[in-house]
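Chain by chain, the residues run as shown.
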Amino acid sequence: MRTGFRRVGFAAFVTAGLMLAFNVWSQDVPDNALNRKVSPTAIPFAVIGDSNSHSFQDRVAFPAGTGERGGPFHARTFNWTEVLDKLRGKEIDSGPWVVWGSSGLLATGREALGLSGGRAPKKEDFLYNFANSGASCANLMDGRFRQAPRLVALMDKEPERWKRGVVLIRMGLNDWSSSLDLQSREPNSPKLAELTSRCVKQIGATLKLIHESHPQTLILVAGIANEADDAAQNNNWVSEAERNNIWKALDSFNAGVRKLAESEPNTAFFDDAAWLVQRWGTRGGAPKPAFKTVTIGKSFVVTNSIGDDPHNLLLADDHAGLVCNALWAQSLVARLREAFKLPLTPISDDEVARFVLPLVQPAK
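Cut-offs and rules
Residues numbered from 1 in each chain as written. Predicted model: local features only at pLDDT ≥ 70, side-chain atom pairs only at ≥ 80, totals over all residues. Heavy atoms only, no water. Phe/Tyr/Trp six-rings, centres within 6.5 Å; stacked < 30°, edge-to-face > 60°. Helix = DSSP H or I, 4+ residues; strand = E, 2+ residues; numbered from the N terminus. Buried < 20%, exposed > 50% of the residue type's maximum accessible area, 1.4 Å probe, protein only. 1 Å grid on protein atoms, 1.4 Å probe; cavity = no way out; pocket = protein on both sides within 12 Å on 5 of 7 lines; lining within 4 Å. Points joined across faces, edges and corners; volume = space filled by probe spheres on them. Nonpolar A, V, L, I, M, F, W, Y, C, P; charged D, E, K, R; others polar.

A few words now on the packing of aromatic side chains. For the coordinates displayed, the defined rule picks out eight aromatic pairs. Taking 6.3 Å as the distance between ring centres and 85° as the angle between the ring planes, the aromatic pair formed by F45 and W80 counts as edge-to-face. One end of the pair, F45, is in strand β1 (residues 43-49); the other, W80, is in helix α2 (residues 80-88), with 35 residues separating them in the sequence. Across the pair, exposure class does not vary: F45 and W80 are buried alike. Seen from their ring centres, W176 and F253 are 5.0 Å apart, and the 40° between their planes marks the pair as tilted. Taken together, the residues W176 in helix α5 (residues 173-177) and F253 in helix α8 (residues 240-263) connect sequence positions 77 residues apart. You can call W176 buried: its relative accessible area is 3%.

Moving on to the environment of F270. You can see F270 is positioned in strand β7 (residues 267-270). Residue classification places F270 among the buried positions, given a relative accessible area of 5%. Placed 56 residues apart in sequence, F270 and H214 show a C-alpha to C-alpha distance of 21 Å.

Bringing empty space enclosed by the protein into the picture now. A complete count under the given rule lists three cavities of 30 Å³ or more for this structure. Taken as a whole, the largest cavity spans an internal volume of roughly 60 Å³. By residue class, the composition of the lining of the largest cavity is six nonpolar, three polar and three charged.

With that settled, the discussion passes to the layout of surface pockets. By rolling a water-sized probe across the atoms, one finds the places where empty space is left. Approximately 500 Å³ is the volume attributed to the largest pocket. In this structure, the largest pocket is lined by 30 residues; those nearest its centre are N52, L173, A225, E227 and L314. Going through the elements one at a time, α5, α9 (272-280), β12 (312-314) and α10 (322-340) are the ones with two or more residues in the lining of the largest pocket. Across the lining of the largest pocket, the residue classes tally to 12 nonpolar, 10 polar and eight charged.

In structure tokens:
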């Protein structure tokens, strides 16, 4: 009997070993994802970031029924990455839509064996989108979910294409938003200065890593917006002094990122905080927020409020809603044209309306 158990145990051990080996060796880029036939003028486009850039229709991260990224409106709620592909997919190539990746542990194990780590965590998204929900500046270069080295490894497979490519870095909000109380009290706190320095260094290391292998690749670095202007925070930091302190601290963070971006070749800055204020307003110094409304088409009004209904700026899970993302994609194209003189077709207000309005009609 003991011999039988030993045989069964040995067989299970071998089977587990083979399964692990198979998983380790089979996580490379999906078949037919590279060297695809795309327009020779299409601009390869990659993303590094957090949940602000993680596609909403990822059924691995956001399966049906979870209530995330739009709740009952989920199927008709898209992130800016998805809007960009739908409106400018022939001019901007984010890669094919694929289920690809593995756990951070398995990706790290592959790298220890001299293999590509692929993408971590596993998700359903555009091939060149390495953003994942919950990411922070530490995930740019290090840790189980390090995005930049793994993106560069993918870019290295098609170096000629990336001579005319663009990488967007949109990271830092998760680091910064966790310290809003401190910002409201001590905008010049050494702790905030250290946080800013750490993020700027990580972004700087990412820029250098990309440009070491792909010096002609263009990089757009987005700053971060004021989380205190989030409609979910209306009852927090209500005094004018607190709000001014938060803006002072945020301006310092974004100034560091801007200075870095403007000091690097083939690199530019996207001022997300200014964009949010210009489009959606701010709480300002008055007792009530000085928020704006945005009208799409002739009469679809969106307010700086929170809820899954597309009339809200933010979704119930505190991520940008459909209209906010459509307008961000519109402004992203404008910034790429302005900063790098790229031959992209501007996204007009009428085009935004034609895209958004059919999606916000009540389901029949």
